[in-house]
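An overview of the molecular structure
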Amino acid sequence: MGALAPIVVYWIYAGAYQMLPRLDRYRMHSRKEEELRNLVSLPTVIKGVLLQQLVQATVALSLFAMTSKVGLTGKSLQPSFLVQICQALIAMLVMDTWQYFVHRYMHQNTFLYRHVHSQHHRLVVPYAIGALYNHPLEGLLLDTLGGAISFLVSGMTAQTAVFFFSFAVIKTVDDHCGLWLPGNIFHALFQNNTAYHDIHHQLQGTKYNYSQPFFVMWDKLLGTHMPYTLEKRPDGGFEARPLKE
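Residues numbered from 1 in each chain as written. Predicted model: local features only at pLDDT ≥ 70, side-chain atom pairs only at ≥ 80, totals over all residues. Heavy atoms only, no water.

An unreviewed UniProt entry lists the chain under the name Fatty acid hydroxylase domain-containing protein, with Picea sitchensis as the source organism. Checking UniProt for the chain, the heading Sequence similarities (unreviewed entry) contains the comment "Belongs to the sterol desaturase family." Recorded under Subcellular location (unreviewed entry), the UniProt text for the chain is reproduced unchanged: "Membrane". (UniProt positions renumbered as here; feature names shortened; annotations may be inferred.)

Spelled out as structure tokens, the structure:
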């Protein structure tokens, strides 16, 4: 479950976004813009995501096998609910820290950006199913290794990891969905949201808003935070416009 649940959750949640009606009045970019600016087809994106998830599941199964704690009854030993909440918060901070610095380095290193990270930015206009569309090396370093480190440092069990990584997957998909829907709880709870990450995918924002998937603290502390205004477009939908600090 710890290895497979996040994969199932990804396709259910991203698939639900994909099957929504047009919702043009809530889109960050028009459908025409998505078709013209994106440099990779949907089938290629799906194959890339499946490859990354295969690697993630393999690493997760290995980690859970090595770290499982089983009692005399043969059942996994679970800490209290409060301890699990603390473990999840630690994992969020560790994951954010790892992903910020690796993500930023992949932008600043010309070779890594050109040959590795630029694959993710072929989706100039992000959409839900493409949330985990990365070069295999980036998927391994950024997501798989980052998840493994956050799991080990936090000390959570595989059972807790089912919920934590499923939540992280939902958050990541939501950040790439390209929609600014009313009542979205992630927009209320997190500054790092759909519009925040959309700025990063714009040409003038690629050197900013590296933080993902939860908080924006590293961007603000290290001067890579790009504020924005969210404005309605005359033809429907919203536009996140970067502002200079």
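**Some words on the overall build of the chain**
Counting secondary structure elements, the chain contains ten helices and two strands. Tracing the chain from N to C terminus, the helices and strands come up as α-α-α-α-α-α-α-α-α-α-β-β. For a compact globule of 245 residues, the expected C-alpha radius of gyration is about 18 Å, and the chain comes in at 18 Å, within 12% of that figure. The burial tally for the chain puts 50% of its 245 residues in the buried class. Long-range pairs, those at least 24 residues apart, make up 66% of the contacts in the chain with a sequence separation of at least 6. Between the mean site of the 19 positive side-chain charges and the mean site of the 15 negative ones, the chain shows a separation of 2 Å. (Helix = DSSP H or I, 4+ residues; strand = E, 2+ residues; numbered from the N terminus. Rg over C-alpha atoms; globule rule 2.2 N^0.38 Å. Buried < 20%, exposed > 50% of the residue type's maximum accessible area, 1.4 Å probe, protein only. Contact = heavy atoms within 4.5 Å. Lys, Arg positive; Asp, Glu negative; His and termini not counted. Charge placed at Lys NZ, Arg CZ, Asp CG, Glu CD.)

**Focus: a nonpolar patch on the surface**
A surface patch of nonpolar side chains, about 540 Å² in accessible area, is lined by Leu-51, Leu-54, Val-55, Leu-137, Leu-140, Leu-141 and Leu-145. Of all the secondary structure elements, the ones that give two or more residues to the nonpolar patch are helix 3 (42-67) and helix 6 (136-154). By residue number, the principal contributor to the nonpolar patch is helix 6, which donates four residues. Relative to the helices and strands, Leu-137 is located in helix 6. (Patch = residues over 30% accessible without salt bridge, like charges linked within 9 Å, V, L, I, M, F, W, Y side chains within 5 Å. Areas by Shrake-Rupley, 256 points an atom, 1.4 Å probe, with all protein chains shown as cover. Salt bridge = Lys/Arg side-chain N within 4 Å of Asp/Glu carboxyl O.)

**Topic: the side chain of Ser-166**
In this fold, Ser-166 is placed in helix 7 (residues 158-175). A relative accessible area of 11% means that Ser-166 is categorised as buried. Polar side-chain contacts of Ser-166 include one of 2.6 Å to the backbone oxygen of Val-162. Discounting residues that sit within four places of it in the chain, Ser-166 has contacts with Ala-5, Pro-6, Val-9 and Ala-161. (Polar contact = N/O pair within 3.5 Å; in protein donor to acceptor, adjacent residues only side chain to side chain.)

**Here we look at the UniProt feature "domain: Fatty acid hydroxylase" (unreviewed entry) in the chain**
The residues that UniProt annotates with the feature "domain: Fatty acid hydroxylase" (unreviewed entry) are residues 89-224. End-to-end, the C-alpha atoms of residues 89-224 are 23 Å apart, and along that stretch the chain is 60% helix and 0% strand.

**Re the pairing of strand 2 (residues 238-242)**
Bridge count between strand 1 (residues 228-232) and strand 2: five bridges; the pairing is antiparallel. Across the sheet, the residue bridging to Thr-229 is Arg-241, located in strand 2. Here strand 1 folds back onto strand 2, and the loop between the two strands holds five residues, one of which, Gly-236, carries a positive phi near 105 degrees. (Pairing = 2+ DSSP bridges.)

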